[in-house]
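Topology and contacts: notes
Residues per chain are reported as follows:
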Amino acid sequence: MTKILDVNDLCDAISGSTLDDATQHVLVDAVEASVSRAAKVLADHYGIVSDHAEYENGFGGLCVNFRPAYEGQECPDVIDQGDEGGDWP
């Protein structure tokens, strides 16, 4: 038997662990940096902008914002599918 954690669950586990605060911050920062890098590659591919990924325990988990690079730019379908109710200026 195994337990499967998604990235948010992993960050929750790190934050809720008995690891010291400094180690928790280092680990969560590493996950945020990896997600930020992946988001930037995806954003660059579609010609849009991504912001730095940020983890907030108990408040949305690990999230990254995407936005248009210019006024009137359409939201790529793959981004829209991840947050269909979200705003796209």
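Let's shift gears to the packing of helix α1 (residues 7-15) against helix α2 (residues 21-46). Direction vectors running N to C along α1 and α2 enclose 165°, while the axes themselves pass 9 Å from each other. Between α1 and α2, the interaxial angle falls into the category roughly antiparallel. Like other packed secondary-structure pairs, α1 and α2 cross with a definite hand, here left-handed. Between α1 and α2, the residues in contact are Val7, Cys11, Ile14 and Ser15 and Gln24, Leu27, Val28 and Val31, respectively. Across the contact of α1 with α2, the residue classes tally to six nonpolar, two polar and no charged.

Conventions adopted
- Residues numbered from 1 in each chain as written.
- Predicted model: local features only at pLDDT ≥ 70, side-chain atom pairs only at ≥ 80, totals over all residues.
- Heavy atoms only, no water.
- Axes fitted to C-alpha atoms, helices over the stretch in contact; angles between N-to-C directions.
- Helix = DSSP H or I, 4+ residues; strand = E, 2+ residues; numbered from the N terminus.
- Parallel < 35°, antiparallel > 145°, perpendicular 65-115°, else oblique.
- Left-handed = near helix turned anticlockwise from the far one by under 90°.
- Contact = heavy atoms within 4.5 Å.
- Nonpolar A, V, L, I, M, F, W, Y, C, P; charged D, E, K, R; others polar.

Honestly, it's all geometry; don't read function into it.
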